[in-house]
Structure formats: structure tokens, C-alpha cells
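Each chain, written out:
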Amino acid sequence: MKKTSNFDADIVISGLGPTGLVLAHCLGKRGHRVIVLEREPLFYGNARAVYTDDECMRVFQSVGVAEELQKNMLLDTPAQWVLSDGSVLSQYGPLKQPFGWPHISFFYQPYLETSLSDLLAKYPNVEICRGREVIDFSQDGQSVSIEHRATQESRSSDHSGDSINTGLAEDIQHIRARYLVGADGGRSIVREKLGIKMTGKNFPEPWLVVDLKMKDGEDAIRHIPYFNFYCDPDCPAVSCPQPDGYHRFEFMLKPGQTKEYMEKPETVRKYLSKYVDPDKFEVKRRLVYTFNALMAERWRDQRVLLAGDAAHMTPQFMGQGASSGVRDAYNIAWKLSAILEGKADDSLLDSYQTERQHHAQAMIDISVLMKDIVSISSPVKALARNVGIKLGLATPFVRDFFYEGKFKPSPVYKKGEYFGLPRRKRNGPEGAMSPQPEVRNILGRRQLLDDITGDNFALVGYETDPRATLSQSTVDFLDSIGCRYINVMHYGNRPQNKPNVERSTPEGLVEVEDLQEQMTTWFEKAGKKEGSVAILRPDKFSFAVVSAKQAETAVQQLKTMMLPSQLKSYKGEEEVLDVVTH
Ligand SMILES: Cc1cc2nc3c(=O)[nH]c(=O)nc-3n(C[C@H](O)[C@H](O)[C@H](O)COP(=O)(O)OP(=O)(O)OC[C@H]3O[C@@H](n4cnc5c(N)ncnc54)[C@H](O)[C@@H]3O)c2cc1C
């Protein structure tokens, strides 16, 4: 990569797992110079993550890879709780797509990571250095100096997870960058060097994970098409479908069962036989592991950030570990980008942990609850669970909890802890992810809204040009941060026919019709009528949703919050908030 300043890179990412990959895409697309140091000389081919959700698909969409990744996914796959007699206790498989993508998609992690890695080739500004491990770093007010060397101990890709000595000379080198992101997994060296502790719980219950590949020409999983939590007190288990004949089973160990015993081929065969014909599958991996529910105490130290498993470790029962890392990457990327481009002060990064931590913790908590529901091994307690859920399903609360997925934490930041104007009422849109409707453009084509709002801030008017009440200097500021302007209208409600209707679209405005009235309903639910304006952040969370007459003040507040060091002079902060909130 060409060195164009005193820095070798804008950002160094340590680790090319799902978190590092998505972050490299987000920053690469924004044109920043990125160096990724990945310890493993070769791609680590073992599957871990199998599931992702609509929020992450939206992130993949933002970097133009969703369509490609979707080719190797099982979309809209229901998840269900199954009793030992095979009957379905409850099912989760909502088909509505508030964020524009299916809620439940299953993938094969090596496919996902290989695609993401290959697709990075389109960014000449992103350099991937495999077989290089970060060993230390130091930072000052302007930069981080990262020390790295040829990997000494590499992770074996067989089922044992053991390390092997590479025998390479160290070849220590240094990189000077403006920021370092430690996306280097649960045993993060970046976190260790910062002396940041993880708090939470290590769970003692071990599980056996078995990854299978159906043999060529076989057709042997018709009877287990969906994701199953087997609520079987004799042996709680999980069955995960994946594309291309890959399949995973997980079995909870009973007290006294050892790792050695469980990983024996004959034991694995015995457990598999309950669900499939083992002769029709090749066992790709069998491994006993325990899981962690841990959170790093701090996610940032000046110019160094932690993301993904380096910042939080999530038990796999909700399939949210990698997804949490994807969310971190998306949250960090636009903030780092705005800072590097001089559009925001470094203080913008203060909101990274405050926004993401509560959501990541909520995912950890629900994953533990899900494990508790599934892994009951006392027959009496299991019966009580089954009866309780069956009775509960008659009530809207429990029905929605399971069927509509209300158990899953929503993408809503904690009140008072996000970058945005205050949430004025319970379930208000500020600090929450905005919907992504399918809209109809002027060419009569259907489009997902994010493809129009783009990578920067966007002002979305509800049946209005969102600039209608803004001063020219405010529009100039918005233009300077690359803002886009969209008028979302009811379907069939474009301006038409009357003599006062302009014959050309106002410059810089995109007018679209909301095909399922999703965004217009969202405005109405927020108590906002036609003529209102939403300020959407680059990551599609709402900064504010305000009436037309509040729009000028809300944008000024955005400016103040982006660049507090330069703009303290614009009224007092309290005064501005006051105008907006009352
Ligand atoms: C059995 C199982 C099932 C799971 N199922 C799901 C699921 O369905 N859905 C889901 O979302 N999540 C799931 N997870 C969790 C998911 O796999 C992890 O949360 C995810 O891989 C974390 O991504 P990451 O990029 O943060 O870290 P990692 O995937 O751990 O990647 C970190 C990278 O950093 C590299 N690295 C480490 N140290 C250094 C160093 N010093 N220098 C340079 N590079 C370094 C590593 O080689 C690695 O490539 C599952 C996990 C397990 C174990």
C-alpha cells in the first residue's frame, strides 16, 4: 500500500474473523487505508457461527456483499423447540421483514468468511497480511505503533484445536497508524496488553459439537429441515441445518462424561444415530467445549478499540456471537470514518461502548436463558417447563415471545447512552434502528431504502422535502458531511396534475413511495405527522425524528454533537435540547 502521509495506515485491524472482515469492508468502502494483521497463515477452516439475522444482512447490504453471501445461505429457516417425542413445542419464524431481510439465515462459516475475504480484493486501500501476529503496541496523542511478527504458533485446523509451531523466523516489524482495532477474538492480545479484564461467567456444562457433511449423492436430512432445540431431558441437543449438506449437532454432556469419551468416534456415532444415519455423513469435526458469557470492562483506550469476541463472548445458543461483532464493526466504522475525515471529534467514539455494550449484554443474557430452557435434565422440571410453555402459548405475551421472537433484544440503544437526541417517549424512535422499507423510485423500480440513504447521514422527510424548513447554512453543513435527502411518500401519492406541481424533481432530492407503508407508519407511531423529518445516522439508527419546525434546531444539535470542540458557541446544549424536546 502506498504511504501517503506519516502514517502507514489509517487503521490497523488485528484479526480477520467475522468482525475484522466486516470492519475492513466498511472502512475499505469509505476509502480509508486499512492494514489487517491476521495471525493464521492460512484461513482457519472450521465452522463455528451458523446463523445470522436481518440486522446483520442489512450491514452486509451496506457494503454490497449481501446478495453474494445470500447465495450460500438457507433463508427464512424456522427455529423450533422440539420435545423428545419429536413434537414441536413452539416455533419462531417471522416472515415480516422490518429491516428488509429475512430474520433467520443459516450459513456455513468458511463460505461466509472466504466470500468476505475474497470480496475485499476490490479495495486496493485494504491490505491483508496473513501469518502476522500483533505482539505489542504503544500509543500517543496522534498515533498507535503496532509491533507484529511472523506467527510462531499457529492454530491447527483439525478437530483438536491444538497449536503447531510454524518454525518461522520472527521478523519483527512496526506499523504506525491512527487507530488500532483489536478484533482478535476471545483471547485478544490487544485486550491483554491494555490490561482490560473480562467479567461474567464461564459455564461448566460442556457440550459436544459435531460438524457433518452429507456424502455425495445422499439425501438424508429431509426429516430435520429446521433449526431444532431438542428439549430432551435425557440428552438436550441442538440440530443446525447449513447449506450444501453441512449440518451441525450439539449434545450436552451428562455429569461424569469426559471429553475423551465424548470425542471417541463410536460415542459420536451413537449420539448421531438418534437423529441421522451416520453412514451417510462425513464427520468434519467433533469437539467438546464449554462456553463463556463474558464482557470486557472497557472497549476503548484512547486510539485502541476492542470489537467482537475481544470485547464480549456470547454463548452460542442464540447464534449471536459473530452477529454482535458485525454490529460492533458497523458502529465503529462510520464513527472512525467521520473522525478521520475531520467531520467529527474523537469524542464521537465515546458512544461506541455505551451504545453497543447493553445490547451485547442483552444478547448474552438471552443466550444463557435459552440454554437454561433447553438444557433441563430433570424429568420433573422438564415436564413443568413443557406444561408451562404450552399453557403460556395461549397468552399473547408468551405467544409473541416465542413465535414473533420477542425474546430477541431489539436494536435499540439504552436511553441517554447513545449519539442522538433524547428519546421522548417509551419506544420512541430516537436511538433505535430505523425500518428499511421497500420503496418505489421514480423509474418505477423497487429498491431497498438503504440503497438510497447511502453511507452517510440522511434526512428523510415524511411527504416533504426534508430541507424545506432548513436555512442555507444548515443545508451547507449537511452537504459537507455527505448527507442525502429523501422524501418518502405514501404509495400512489406522488405530487401530480395540479398547476402548482413542479415538473422536475428538486435538485438533490430523491422521491420514493413506501410500498408497504412501513416508514410512514413508523413516523405516525412516533407521533409525527406528514411534514416531519427523520435524521438517520450512517448506521441507520435514528438521531432524531422531529416536526418540520424543529428540523433546523435538530440539525444544529447534530453539528454540535459531531464537533463539540468547534461548535460550543452554538447556543447552550441544554437550550438546544430544550427546543427539540418540548
Ligand atoms: C460452536 C460455536 C457455535 C457458534 N455459533 C454461532 C452462530 O450461529 N452465530 C453467531 O453469530 N456466532 C456463533 N458463534 C460465535 C462466533 O463464532 C464468534 O462469536 C465469532 O467467530 C467471533 O468473531 P470475531 O471476529 O470477533 O473473533 P474470531 O472469529 O475469534 O476471530 C479472531 C481472529 O483474530 C486472529 N488473531 C488472534 N490473535 C491475533 C493476533 N495476536 N494478531 C493477529 N490476529 C490474531 C485469529 O486468528 C482469528 O482469525 C459460535 C461459536 C461456537 C464456538
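For clarity, every value in this text was computed on a predicted model and none was experimentally measured.

Undergrad: Could you give an account of the sheet that holds strand β26 (residues 458–462), with specific residues and numbers?
TA: The strands making up a sheet associate through hydrogen bonds between their backbones, and the pairing can be parallel or antiparallel. With mixed pairing, the seven strands of this open sheet are ordered in space as β25-β24-β28-β27-β26-β29-β30. Only two strands of the sheet have a single partner each, and these edge strands are β25 (446–448) and β30 (542–546). Neighbouring strand axes in the sheet, compared pairwise and without regard to direction, differ in orientation by 30 degrees on average. Here four bridges tie strand β29 (residues 533–536) to β30, and the two strands are oriented antiparallel to one another. The residue of β30 that forms the bridge with V533 is V546.

Undergrad: So what's going on with the nonpolar core? Which residues, and what values?
TA: Most often, soluble globular proteins have nonpolar side chains that are buried together. Residues F60, W81, L478 and L558 are the most contacted members of the largest nonpolar core, which totals 128 residues. Excluding its chain neighbours within four sequence positions, the residues that come into contact with W81 are S87, V88, L89, S90, Q91, Y92, F229, C231, M370, V374, F402 and F407. Counting 22 residues, the second-largest nonpolar core is a separate cluster that includes I221, I224, C235 and Y275.

Undergrad: Which residues make up the packing of helix α1 (residues 18–29) against helix α8 (residues 321–340), and what are the values?
TA: Helix packing for two helices is described by the angle between their axes and how far apart those axes are. Where α1 meets α8, the axes come as close as 8 Å, and the angle between the chain directions of the two elements is 30 degrees. Comparing their axes, α8 and α1 come out roughly parallel. Here the hand of the crossing between α1 and α8 comes out right-handed. Between α1 and α8, the contacting residues are P18, T19, V22, L23, C26 and L27 on the first element and A322, G325, V326, A329, Y330, I332, A333 and L336 on the second. The residue inventory of the contact of α1 with α8, partitioned by class, reads 12 nonpolar, two polar and no charged.

Undergrad: Give a detailed account of the domain arrangement of the protein, specifying residues and quantitative values.
TA: Assigned domains of the protein: these are domain 1 (9–72 + 108–198 + 292–371) and domain 2 (438–581). For domain 1 versus domain 2, the separation of C-alpha centres amounts to 32 Å. With 15 residues of domain 1 at the contact, the number on the domain 2 side is 16 residues. Both sides of the domain 1 and domain 2 interface together cover about 1400 Å² of buried area, and 44% of this is carbon and sulfur. Inspection of the domain 1/domain 2 interface yields three salt bridges. Residues R58 and D450 are paired through a salt bridge, measuring 2.6 Å at the closest nitrogen-oxygen approach. The tally of links from domain 1 across to domain 2 stands at nine residue pairs in polar contact (both at pLDDT 80 or more). When residues of the side of domain 1 that touches domain 2 are traced back to their parent elements, those giving at least two are α2 (54–62) and α8. Here the element with the most residues in the side of domain 1 that touches domain 2 is α8; it accounts for four residues.

Undergrad: Mind laying out the side chain of T520, listing which residues take part and the relevant values?
TA: Within the secondary structure layout, T520 lies in helix α14 (residues 518–525). Ignoring sequence-local partners within four residues, the contact set of T520 consists of Y462, V488, M489, H490 and D514.

Undergrad: How would you summarise the environment of I135 if you had to cite specific residues and measurements?
TA: Tracing the sequence through the fold places I135 in strand β9 (residues 132–139). In this structure I135 comes out as buried when scored by relative accessible area, which is 17%. Note: C-alpha distance between I135 and I146 (11 residues apart in sequence) is 7.9 Å.

Undergrad: Describe the sheet that holds strand β6 (residues 88–92), listing the residues and the values that go with them.
TA: One open sheet accounts for seven strands, arranged β6-β5-β16-β17-β18-β15-β19; its pairing is mixed. The two strands at the open ends of the sheet, each matched to only one other strand, are β6 and β19 (281–289). Strand-to-strand, the axes of this sheet are offset by a mean angle of 15 degrees, without reference to chain direction. This element, helix α7 (residues 265–273), spans β15 (207–214), β18 (246–252) and β19 of the sheet and lies at about 80 degrees to β15. Its contacts with the sheet place helix α11 (residues 396–403) against β5 (79–83) and β6, and it is angled at close to 70 degrees to β6.

Undergrad: Can you explain the pairing of strand β13 (residues 173–182)? Please cite residues and give values.
TA: Examined bridge by bridge, strand β1 (residues 9–14) and β13 share five bridges and lie parallel to one another. Paired with V12 across the two strands is L180, which belongs to β13. Pairing geometry for strand β10 (residues 144–150) and β13, over five bridges, is antiparallel. Residue pairing across strands places S145 opposite R176, the latter belonging to β13.

Undergrad: Tell me about the site of the ligand, and name the residues and values.
TA: Around the ligand, the structure places 33 residues, and the nearest of them are T19, E38, D309, G319 and A322. In the environment of the ligand, an oxygen atom lies 2.8 Å from a nitrogen or oxygen atom belonging to the side chain of T19. The separation between an oxygen atom of the ligand and a polar side-chain atom of D309 is 2.8 Å. Computed on the free molecule, the ligand has an accessible area of 1000 Å², of which 91% lies beneath the protein chains in the complex. At the level of elements, α1, β2 (34–38), β9 and α8 are the ones that each hand at least two residues to the shell around the ligand. Class assignment for the residues of the shell around the ligand results in 11 nonpolar, 12 polar and 10 charged.

Undergrad: Let's hear about the packing of α8 against helix α9 (residues 350–374): which residues, and what values?
TA: Two elements in contact, α8 and α9, have axes separated by 10 Å at closest approach and are oriented at 170 degrees. Relative to α9, α8 is oriented roughly antiparallel. Contact residues: S324, R327, D328, N331, I332 and K335 in α8; S351, Y352, E355, R356, H359, A360 and M363 in α9. The class makeup of the residues in the contact of α8 with α9 is four nonpolar, four polar and five charged.

Undergrad: Please give an account of a nonpolar patch on the surface that cites residues and values.
TA: Together, L383, V387 and L391 line one region of the surface with nonpolar side chains, adding up to about 310 Å² of accessible area. Take V387: it is sitting in helix α10 (residues 379–392). Classification of V387 as partly exposed rests on a relative accessible area of 42%.

How each quantity is defined
Residues numbered from 1 in each chain as written. Predicted model: local features only at pLDDT ≥ 70, side-chain atom pairs only at ≥ 80, totals over all residues. Heavy atoms only, no water. Pairing = 2+ DSSP bridges. Helix = DSSP H or I, 4+ residues; strand = E, 2+ residues; numbered from the N terminus. Axes fitted to C-alpha atoms, helices over the stretch in contact; angles between N-to-C directions. Core = buried A, V, L, I, M, F, W, Y, C linked by side-chain atoms within 4.5 Å. Buried < 20%, exposed > 50% of the residue type's maximum accessible area, 1.4 Å probe, protein only. Contact = heavy atoms within 4.5 Å. Parallel < 35°, antiparallel > 145°, perpendicular 65-115°, else oblique. Left-handed = near helix turned anticlockwise from the far one by under 90°. Nonpolar A, V, L, I, M, F, W, Y, C, P; charged D, E, K, R; others polar. Domains from an automatic or database assignment. Buried area = accessible area lost by both parts, 1.4 Å probe. Salt bridge = Lys/Arg side-chain N within 4 Å of Asp/Glu carboxyl O. Polar contact = N/O pair within 3.5 Å; in protein donor to acceptor, adjacent residues only side chain to side chain. Near = heavy atom within 4 Å. Areas by Shrake-Rupley, 256 points an atom, 1.4 Å probe, with all protein chains shown as cover. Patch = residues over 30% accessible without salt bridge, like charges linked within 9 Å, V, L, I, M, F, W, Y side chains within 5 Å.

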